[in-house]
Every structure is written in C-alpha cells, then in structure tokens.
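Chains, contacts and geometry: an overview
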Amino acid sequence: VEASRGTIYDRNGTILAMSASAEDIFISPKEIIENDQDQNLIAGGLAEILDLDPADILKKMEKTNSQYEELKKKADDELADKVREFINENDLKGVFIRPTSKRTYPKGTLASQVIGFTNDLGGAMGLEAAYNDELTGENGMVVTARDRDGRSVLYQYDQYFDAENGCDLHTTLDTTIQYYLEKGVQELEARFGTGKGAEGIVMDVNTGGILAMASLPTYDLNAPASIYNKEMLAAGMTDEELAAAADTLQNMQWRNKAINDTFQPGSTFKILTLAMALEENKVKMSDTFNCPGYVVIEGAKINCSKRAPGHGQQNLTQAFANSCNPAFINIGLRIGNDKFYQYMLDFGLTEKTGVDTTGEASGFVNSEIKYSTLALACYAFGQNFNVTPIALLAAQCACVNGGYLYTPYLVKEITDQNGNVVSKHDSTPIRQVVSGETSALVRDIMEYEVTSGTGKNGQVAGYRIGGKTGTADKVGGGVIVSFVCFAPADDPQVMMLLTLDE
C-alpha cells in the first residue's frame, strides 16, 4: 500500500507540489493462462485504451510463470476507469489495477529549480530531493495467504497495515513574488540578454527566508525531461542535434544558478567594502577621494568606469553613488589584507551558506588576498574572486539589517498528516558582522545611490529604495551585470539580487 508523498506549500498555503490519485495497471500472465483467458482480446483491448502495441502485451503474456507484468504506471483515474470497465464487460481474470499516486505541480514552471521533481527513486532535484525522507512516508502492506501455485486462499488469512503518509513542507516562498520575479528576469533576458540566462533572489532581510528564487532557462515540473526554453537552449539546433544534446540541455534547465553557480560580483561587492571600512573606522562620511579615471597598483593600471579625467573630487557617498573604482581601491587598501580577508570569512563568502536544498556551490577566494596589494585592490571593487548569488545576498542583507548574518532557508516548518509541527526553522543569526550604526550609514549611502547615482533606474514612486549596480568581467570575455536593492530604505524588509549573464 503506497504512502502518499507529502505536499509542498508556499508561505500562504498555496500548493506547489502534491500527490494526486493514480493507478498502476498490470497483468498476471500466470492467472491469464490458468483461467484460459482470450489473450488476443486482452492485448487488443488494453493496447487501445493505454495506447500500447498489442504485440508488446502478448510478449509479456509469454512469461507464464510471472504474476506481475507492468503495462502502465501511474495512469490517471479516467484511464484506469476505462480499463476497469473493460475488465468488467469481459469478465477478465489476470488483469489488475492497483491504487497509487503521482506527483503533480499545479503551478507548472513556477519556482521549478527550487521545488525540483521526483523520479522512480524519489526526489531527484531541489526541495523534493533535499527533503525526500520527510516527504516520502512509509508504505503499508496487505498480507494474504496463497497456495503453492500462487492462488489466493480465500478467507484463510488477511491483514492490512496502513501506509504512513509523508510530511508536508511549508516553505518561505511567496507565489505572487515568485511570479513577478520570474516575469522580471524573463523580460530582462528578452530585452538585454544574449541567451545565456539570468537569475534573481528575493530574501527576507531579517530572517534569511527566501521569498522567491528564479533562474533562466527554466522548465516545466510536470514534464522535466522536455526542453522548455528551446529558443534559449536549442536555438538553431536540428531535431537530431537536440536529441543528441538532450542530457546536457536538461541539466542546464534543471540547474539553479542562484545556488549552483558562482560569479564575480563586481561593484555590488562595494557594499561590503564600505561596511568593513566604516566598521573599522578607516573612512568617515566627511572623507574625500580624488579620481583621475584610473589607478596604478603594483604596475597594473586599473580603470574607473569613468575614464580620464575621472570623477575628480568626491565625498564617500558620492564615490559610492558613482561606483568609483579608484576610491574603493583606496578604501580597500586602508582596510588591509588581513582585516579584509577576515571579513570575507565573517560574511560567509568562503564557504557554503547551508541553504536547505541540493547542489550548493562554495565561493572561491584566492589565497593571494592575504598578502597581495593588487589582489586587495581588485577585491575591493568585486573582481578576481567568485561567490554564489545566494551567499552574496546573505552578506549584503547583513550590511543593511543591523549587521546580522543569517542562514538562507526555504522551509520554515514541517508538519505531519495531522497538522502537528514536526520541525521548525530556527532563524537565530549566525553572527553579527558589523554594528547597527555602520548598517544605518550603509543604508543611507545605498539610498543615495538610487536617488542620485548609478542606480537611478531603481527608483519606485512612493517607496524608499536602496541599491547598488554592478558589472563584472567574465573569464574568457563578456560581463555579468547585476543590481541589488532593498526596501524600505529606512526599515529594510526585503532585499533582491538580480543578475543577467552577458
């Protein structure tokens, strides 16, 4: 007796994944022979109903010692009813229908990489895999007596053991926010992208709860093997080429770039450099910086986004709003190699965040940051090291929420089939990285970035927004552009990181 897999909900109780009733259809060649059933009638009728080849069914019937030959797994109720009617009309023996369930995803492509899907072995990707044990439950059984030839011995012995259904997941996801995030990244890719993809994360600043997470290309959870974004993944491919590359393309669409991939953060990292320097009293709001458009470090010329004559004289807030590389190189050098590296550790950028899903990658920090002035200069404006989007956003949240680093998470609680809470996420912060005073200054400077700096397109009428733009070079050429923002600027509740590949 198969257990029903648990349901996955969003934070408002909307169903994201559920088990619907289904039925397995199989034959017992042994019983068909013993009861002298018309094999051609059975094969022809079942083949028509189940859209199978009669010859394949007849071949299964040749296994005359077998009592179980599967014809159709997880058929829907309508199909099973047709088989049931066919059995009754012809008084058939040896054709069976067994109740089971199948996984369905009412929202289709929504949050596909986050939710994941199942296969015959259980959870294969995402939350379905990460929480497979909790969702699966335990099968029950019916124990009956049979004689030595496998025939049921009526009324002799019959015991029924109930199945214990799986637990339900109550996630932090919000389907409305998820919808608009996905719509937004799709529009970004369509307008400005080159088909390489985009991703976004929306996080609760004060808990680490993930409200939405999207990654392009995406896929349909109800048909995970089908290539969904053909115009992105298989542009220009013939049907033969597409079939040959199917495995690779499937893995590309199943991949959650926000967690599985790393990138160079670029100027969005200046938020962290700013927070470090303020916390260590290496800069004051009244400090000024001169930008001639470039700076030379250890013989290497590093340009500003505004080349000669550069930004000229600017204060700290203006330097951030202008996303000025020479100013932030100056700030990074004031912090020093040892202290800068320690903050990389404190912000959690050298390890996995521990987010409760599968396939999380680790950031990569080169050891030269511990001693090289050039490395420190590059790190100060977000180049020459890699982070995952999820780890970067968690660190950025810590810069604006009072200084607290939280573990990002997707499941807030698990309940059993009676609604009892089995486990609940603990949102205690990992550590406080910077002070509340530093965090308040960072918020003010980031708000100025949106009202008067490179993030002006991030303004939203009626809301106070803080943000930071970023452009990072990719190894081998091309750039990744990004924008991180939070609201309200005076009392942060949500923070969002968007990235567009090339």
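Data block above holds the structure.
The text that follows walks through the structure, step by step, so that each part is easy to find. (Residues numbered from 1 in each chain as written. Predicted model: local features only at pLDDT ≥ 70, side-chain atom pairs only at ≥ 80, totals over all residues. Heavy atoms only, no water.)

Section: the overall build of the chain
A count of helical and extended segments in the chain gives 19 helices and 22 strands. Over its C-alpha atoms, taken along the principal directions, the chain stretches across nearly 95 × 50 × 45 Å. Burial analysis of the chain (502 residues in total) assigns 51% to the buried set. Pairs at least 24 residues apart make up 69% of the contacts formed inside the chain by residues separated by at least 6 positions. For the chain, the accessible surface area stands at approximately 23,200 Å², while carbon and sulfur atoms represent 47% of it. (Helix = DSSP H or I, 4+ residues; strand = E, 2+ residues; numbered from the N terminus. Buried < 20%, exposed > 50% of the residue type's maximum accessible area, 1.4 Å probe, protein only. Contact = heavy atoms within 4.5 Å. Areas by Shrake-Rupley, 256 points an atom, 1.4 Å probe, with all protein chains shown as cover.)

Structural notes on empty space enclosed by the protein
The tally for this structure, following the rule as stated, stands at one cavity of 30 Å³ or more. Each pocket or cavity is described by its volume, and for the largest cavity that value is around 60 Å³. Around the largest cavity, the lining comprises 13 residues; the ones closest to its centre are E182, A214, S215, L216 and T218. Of all the secondary structure elements, the ones that give two or more residues to the lining of the largest cavity are α5 (112–115), α8 (175–192) and β11 (210–215). Per-element accounting of the lining of the largest cavity gives the leading share, four residues, to α8. Split by residue class, the lining of the largest cavity holds five nonpolar, seven polar and one charged. (1 Å grid on protein atoms, 1.4 Å probe; cavity = no way out; pocket = protein on both sides within 12 Å on 5 of 7 lines; lining within 4 Å. Points joined across faces, edges and corners; volume = space filled by probe spheres on them. Nonpolar A, V, L, I, M, F, W, Y, C, P; charged D, E, K, R; others polar.)

Let's talk about the side chain of D356
With respect to the element layout, D356 can be found in the loop between α16 (337–346) and α17 (373–380). In this structure the side chain of D356 is engaged in a polar contact, spanning 2.6 Å, whose partner is the side chain of Y131. A polar contact is formed between the side chain of D356 and the backbone nitrogen of V411, at a distance of 3.1 Å. Dropping the residues within four chain positions of it, D356 is found in contact with L127, A130, Y131, P408, Y409, L410 and V411. (Polar contact = N/O pair within 3.5 Å; in protein donor to acceptor, adjacent residues only side chain to side chain.)

Things to note about unusual backbone geometry
Keep in mind that most residues, glycine aside, have a negative phi and that most peptide bonds are trans. For the bond from A308 to P309, the omega torsion is 10°, close enough to zero to count as cis. The omega torsion across A487 and P488 is -15°, close enough to zero to call that bond cis. Mapped onto the elements, P488 comes out in the loop between β21 (479–487) and β22 (494–501). Of note, D51 is a non-glycine position whose phi angle comes to about 60°, a positive value. With respect to the helices, strands and loops of the structure, D51 is situated in the loop between α2 (39–50) and α3 (54–61). Relative accessible area serves as the criterion here: at 72%, D51 is assigned to the exposed category.

Observations concerning the pairing of strand β18 (residues 421–424)
In the sheet, strand β17 (residues 411–415) pairs with β18 via three bridges, with the strands oriented antiparallel. Across the sheet, the residue bridging to T415 is V421, located in β18. (Pairing = 2+ DSSP bridges.)

As for the environment of G195
Summarising the element assignment, G195 is placed in the loop between α8 and β10 (198–204). Discounting residues that sit within four places of it in the chain, G195 has contacts with E189 and M232.

A closer look at the environment of D81
In this structure, D81 sits in helix α4 (residues 77–89). Residues D81 and E23, spaced 58 residues apart in sequence, show a C-alpha to C-alpha distance of 9.6 Å. A distance of 2.7 Å separates the side chain of D81 from the side chain of R84, its partner in a polar contact.

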